[in-house]
Structures are given as C-alpha cells and as structure tokens.
Amino acid sequence: MSRAPVLPPPRRRRRPALLALAVTMVVLGALGSAYLATSLGQMSPVIAIAREVPWGQTLTAADLVEARISTDPALEPIPYGDRDQVIGLVAATTLAPGSLLTRDALTDQPLPAPGQQLVGVGVSAVQLPTTPLRPGDDVLLVPVAAGSAPAVNGGRDQSAVEATVVQSGPPGTDGRRVVDVLVAAADGPDVAARAAAGLVAIVVVAGE
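About the thresholds
Residues numbered from 1 in each chain as written. Predicted model: local features only at pLDDT ≥ 70, side-chain atom pairs only at ≥ 80, totals over all residues. Heavy atoms only, no water. Helix = DSSP H or I, 4+ residues; strand = E, 2+ residues; numbered from the N terminus. Buried < 20%, exposed > 50% of the residue type's maximum accessible area, 1.4 Å probe, protein only. Areas by Shrake-Rupley, 256 points an atom, 1.4 Å probe, with all protein chains shown as cover. Pairing = 2+ DSSP bridges. Axes fitted to C-alpha atoms, helices over the stretch in contact; angles between N-to-C directions. Contact = heavy atoms within 4.5 Å. Core = buried A, V, L, I, M, F, W, Y, C linked by side-chain atoms within 4.5 Å. 1 Å grid on protein atoms, 1.4 Å probe; cavity = no way out; pocket = protein on both sides within 12 Å on 5 of 7 lines; lining within 4 Å. Points joined across faces, edges and corners; volume = space filled by probe spheres on them. Salt bridge = Lys/Arg side-chain N within 4 Å of Asp/Glu carboxyl O.

A word on the overall build of the protein chain. A count of helical and extended segments in the protein chain gives 3 helices and 9 strands. Traced from its N-terminal end to its C-terminal end, the protein chain shows the element sequence α-β-β-α-β-β-β-β-β-β-α-β. Taking all 208 residues of the protein chain together, 27% fall into the buried category. Summed over all atoms, the accessible surface of the protein chain reaches about 13900 Å², with 58% contributed by carbon and sulfur.

Printed below as a string of structure tokens:
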C-alpha cells in the first residue's frame with residue numbers, strides 16, 4: 001500500500017501593511033515622548049496672585065507667589081524674576097487668588113489720582129445697603145437732613161455726589177462703618193463736612 005505524499009507546511013504570508021503600521025506607531029510614540037520631554041523642559045516661572053488684592057490696593061510681597069507654566073505665546077504673565085519691580089504697584093482691577101499677574105492689571109498711579117480726593121464717610125447701618133460694598137463699586141453720596149431718610153428726588157437727588165468705593169471698614173463699637181471713597185476734588189470738602197456730621201447716605205449705582 002502506497003503512502004500519501006507528505007505535504008509541506010503552509011507558508012505564512014507576510015502582510016506589508018501591518019508591518020508598516022507597526023513601524024509608524026513606534027515612530028509616533030518616540031516623537032510623542034520627545035515632545036513631552038521638551039514641553040516639560042520649557043516650564044517658565046511666573047508671578048501668580050496668592051490672595052485677593054482689591055482694586056486700588058498696593059501689592060506687597062505677601063500677595064505674590066511663584067507659578068510654573070508651559071511657554072505659551074497666547075499668555076503674557078510677568079516673569080517671577082521681575083517680582084521686585086511689581087511690589088509697590090497698584091492693582092488696576094481686583095486680582096483673584098490663583099490668577100497669573102499681567103502688566104495690564106497694574107498701574108503706577110496711586111490713589112487718589114490727580115483731580116480726585118479720598119474721603120472717609122462714616123455711616124450707620126441704615127445709611128448704606130446691607131449688601132457688602134466692594135472696591136471699585138460706583139455709588140452716590142446722598143445728603144440727608146439730621147434725623148431723616150435720604151432726600152431723593154425722582155430716584156436721584158441733584159446734589160448727590162458720584163463716588164467710587166476704595167475700601168469699606170468694619171463696624172465700630174458704635175455700629176458705624178467708615179467707607180473710603182474717591183470723589184472729584186471739587187466735591188471733597190463738602191462731602192467731608194457732611195460725612196463728619198453723619199449726614200451722608202450711600203446708594204449703590206447699577207454697573208454698566
């Protein structure tokens with residue numbers, strides 16, 4: 001009885017497409033690792049805000065902290081190496097903690113600016129809103145007669161003075177609170193005289 005011929009094992013067919021894909025994936029992985037290493041090596045130290053700095057307040061060393069970010073042409077934070085140049089400047093807007101500090105957020109113009117005067121207005125609880133006043137709030141200083149409510153005509157008294165809040169102090173032992181405001185230089189003396197007599201009420205103006 002004759003034996004059946006022995007067939008050779010089937011040859012494995014090479015697949016060039018799969019081989020090319022594998023090579024491409026290896027190359028892309030290497031490029032990705034190189035890019036990641038390069039990006040991590042381009043971290044720059046910049047200035048960030050450590051705590052809230054209200055508008056108009058002078059920056060101190062305690063307000064600033066170092067942060068490291070990747071270089072990005074869309075961002076223009078101040079390098080941490082310029083920290084000493086920033087201390088002593090004034091916040092041109094309220095600076096939030098954790099935000100990066102930019103040149104646009106600072107000014108070298110102290111308060112009060114030319115043409116303005118800084119006046120402290122002492123008011124009782126019924127002479128200002130319950131909502132806390134924040135630096136930068138626009139308000140009206142409305143004169144009142146002794147023992148009366150604010151004399152407002154048609155929603156706004158003609159003798160009311162426009163002002164901007166700089167800082168609101170805590171209530172004193174007598175329950176009165178002093179609010180520092182900026183007013184035009186021409187209005188400063190009259191506002192100071194009325195404030196000393198406790199004859200000013202504060203009205204918050206709607207923001208734009």
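The next subject is the pairing of strand S8 (residues 177–184). Bridging between strand S5 (residues 116–123) and S8 involves 8 bridges; their strand directions are antiparallel. Of the residues in S8, the one forming a bridge with Gln-117 is Val-183.

The next point concerns unusual backbone geometry. Note that the residue after Leu-111, namely Pro-112, is joined by a cis bond; omega there is 0°. Within the element layout of this structure, Pro-112 appears in the loop between strand S4 (106–107) and S5.

The next thing to look at is the sheet that holds strand S6 (residues 138–143). Ordered in space as S5-S8-S7-S6-S9, the 5 strands form an open sheet in which the pairing is antiparallel. Looking at the sheet topology across the chains shown, the edges are occupied by S5 and strand S9 (200–204). Averaged over all neighbouring strand pairs, the angle between strand axes comes to 40°, with direction disregarded. Helix-sheet contacts for helix H3 (residues 188–196) involve S5, S6, strand S7 (161–168), S8 and S9, and the interaxial angle to S5 is about 15°.

Position of Ala-193 relative to the elements: it lies in helix H3. The exposure class of Ala-193 is partly exposed, given its relative accessible area of 48%. A sequence separation of 72 residues divides Ala-193 from Val-121, and the C-alpha atoms of the two residues are 9.7 Å apart.

Ranked by size, the top nonpolar core spans 17 residues in total, and within it Val-121, Leu-141, Val-181 and Ile-202 carry the most contacts. Setting aside chain neighbours within four positions, we find Val-121 in contact with Leu-141, Arg-177, Val-178, Val-179, Val-181, Val-191, Ala-195 and Val-200. Listed in part, the 12 residues of the second largest apolar core include Ile-47, Leu-64, Val-86 and Leu-106.

In this structure, the largest pocket occupies an estimated 190 Å³ of space. Ser-124, Ala-125, Leu-128, Pro-129, Thr-130, Thr-131, Pro-132, Leu-133, Ser-168, Pro-171, Gly-175 and Arg-177 are the residues that line the largest pocket.

A separate point is the pattern of salt bridges. Side chains that carry opposite charge are capable of pairing whenever their charged atoms lie near each other. Enumeration over the complete set of coordinates arrives at 6 salt bridges. Here Asp-63 and Arg-51 are joined by a salt bridge, their closest N and O atoms 2.6 Å apart. Pair noted here: Asp-63 is in the loop between strand S1 (43–49) and strand S2 (64–70) and Arg-51 is in the loop between S1 and S2, with a separation of 12 residues, a long-range link. Overall, the relative accessible area of 5% leaves Asp-63 in the buried class. According to the relative accessible area criterion, Arg-51 is partly exposed, its value standing at 43%. Salt-bridge contacts for Glu-52 lead to Arg-134; the nearest nitrogen and oxygen are separated by 3.5 Å. Highlighted residues: Glu-52 in the loop between S1 and S2 and Arg-134 in the loop between S5 and S6, separated in sequence by 82 residues.

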